[in-house]
Amino acid sequence: AQTVTQSQPEMSVQEAETVTLSCTYDTSESNYYLFWYKQPPSRQMILVIRQEAYKQQNATENRFSVNFQKAAKSFSLKISDSQLGDTAMYFCAFMRGTSGSRLTFGEGTQLTVNP
Amino acid sequence: GAVVSQHPSRVICKSGTSVKIECRSLDFQATTMFWYRQFPKKSLMLMATSNEGSKATYEQGVEKDKFLINHASLTLSTLTVTSAHPEDSSFYICSARDSASGYYNEQFFGPGTRLTVL
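Residues numbered from 1 in each chain as written. Chains lettered and ligands numbered in written order. Predicted model: local features only at pLDDT ≥ 70, side-chain atom pairs only at ≥ 80, totals over all residues. Heavy atoms only, no water.

S.K.: Explain the side chain of B:Gln6 here, please?
M.R.: All names here are of chain B. With respect to the helices and strands, the residue Gln6 is situated in strand 1 (residues 4–7). Within polar-contact distance, the side chain of Gln6 engages the backbone nitrogen of Cys94 at 3.0 Å. Reaching out from Gln6, the side chain makes a polar contact with the side chain of Thr113 at a distance of 3.1 Å. (Helix = DSSP H or I, 4+ residues; strand = E, 2+ residues; numbered from the N terminus. Polar contact = N/O pair within 3.5 Å; in protein donor to acceptor, adjacent residues only side chain to side chain.)

In structure tokens form, the structure reads like this:
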């Protein structure tokens, strides 16, 4: 079974600064996907970024980037130029690379961006 | 982008009654839908995987007779909480997998339903 661990229950950052959220996972699979989801106070789950395990290049989406260390099974999220709208719960998630696979979520990190 | 709706967004019911929550994929077909439960400030817990035209697959510890799932069409799955009790109060979220998305099957999430059982 796969497990996903987020060791930071809460984090805060000043507006315009950079913050990194940590995530580690455990799996015996070689083909899989990793995700970061954002859940703002509205509670709508929003996909922030996706990483395919077979890709060595770290995924980037505007101000969001990941540091994917496959051997270490680490998948951190860096948010640059933090904005007030980034305040949310962030979940790291794992999915096997087979059709119809389920998502396994970490416990989440509550990020607060302060003005 | 793909849109998933849930209805109702919020429901309050009396203990012992049944409540039905609908999950619809609005602009794509979803062979597979997933139902999650989320407690305040906690992660999403997968309850069951719903497959169109077949029985749902429930996670260990989830009572299938309590949480009835029906996936009768490629755009609609329903979760019925039967004989609801206060401990069933929670936030329920569905997600749908786009059947046509190919090998990578992205899941799209509904906005959730807050259930309060009095």
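S.K.: Can you help me understand unusual backbone geometry in this one?
M.R.: Of all residues except glycine, most have a negative phi; of all peptide bonds, most are trans. Across the junction of B:His7 and B:Pro8, the peptide omega takes the value 0°, indicating a cis bond. With respect to the helices, strands and loops of the structure, B:Pro8 is situated in the loop between strand 1 and strand 2 (10–13). Phi is positive for A:Ala16, close to 80°, though the residue is something other than glycine. Within the secondary structure, A:Ala16 is located in the loop between strand 2 (10–14) and strand 3 (19–21). Here A:Asn62, not a glycine, exhibits a phi torsion of approximately 55°, which is positive. For A:Asn62, the location among the structural elements is in the loop between strand 7 (60–61) and strand 8 (64–69).

S.K.: Can you help me understand the sheet that holds strand 1 of chain B in this one?
M.R.: For sheets, the rule is that strands pair by backbone hydrogen bonds, running either parallel or antiparallel. Residues and elements named next belong to chain B. Read across the sheet, four strands follow the order 1-3-8-7 without closing on themselves; strand pairing throughout is antiparallel. Of all strands in the sheet, those bounded by a partner on one side alone are strand 1 and strand 7 (67–73). Strand-to-strand, the axes of this sheet are offset by a mean angle of 15°, without reference to chain direction. Pairing of strand 7 with strand 8 (residues 76–81) involves five bridges; the strand directions are antiparallel. Opposite Ser73, over in strand 8, you have Leu76 as the bridge partner. (Pairing = 2+ DSSP bridges. Axes fitted to C-alpha atoms, helices over the stretch in contact; angles between N-to-C directions.)

S.K.: Explain the interface of chain A and chain B here, please?
M.R.: Interfaces are often sized by the amount of accessible area the parts lose when they come together. In this complex, chain A contributes 23 residues to the contact, which on the side of chain B involves 22 residues. Buried area between chain A and chain B, summed over both chains or domains, comes out near 1,900 Å², and the portion from carbon and sulfur atoms is 51%. Where B:Glu59 meets A:Arg102, a salt bridge forms, and the shortest distance between an N and an O atom there is 2.6 Å. At the boundary of chain A and chain B, one finds six residue pairs in polar contact (both at pLDDT 80 or more). Breaking the side of chain A that touches chain B down by element, the ones donating at least two residues are strand 5 (32–39), strand 6 (46–52), strand 10 (88–96) and strand 11 (103–105) of chain A. With four residues, the single largest contributor to the side of chain A that touches chain B is strand 5 of chain A. Counted by class, the side of chain A that touches chain B contains ten nonpolar, nine polar and four charged residues. (Contact = heavy atoms within 4.5 Å. Buried area = accessible area lost by both parts, 1.4 Å probe. Salt bridge = Lys/Arg side-chain N within 4 Å of Asp/Glu carboxyl O. Nonpolar A, V, L, I, M, F, W, Y, C, P; charged D, E, K, R; others polar.)

S.K.: Looking at this structure, how should I read the side chain of B:Ser50?
M.R.: Residues and elements named next belong to chain B. Relative to the helices and strands, Ser50 resides in strand 5 (residues 44–51). Since its relative accessible area comes to 1%, Ser50 is described here as buried. A polar contact is formed between the side chain of Ser50 and the side chain of Ser77, at a distance of 3.2 Å. Aside from chain neighbours lying at most four places away, what touches Ser50 is Thr31, Thr32, Met33, Trp35, Ala56, Ile69, His71 and Ser77. (Buried < 20%, exposed > 50% of the residue type's maximum accessible area, 1.4 Å probe, protein only.)

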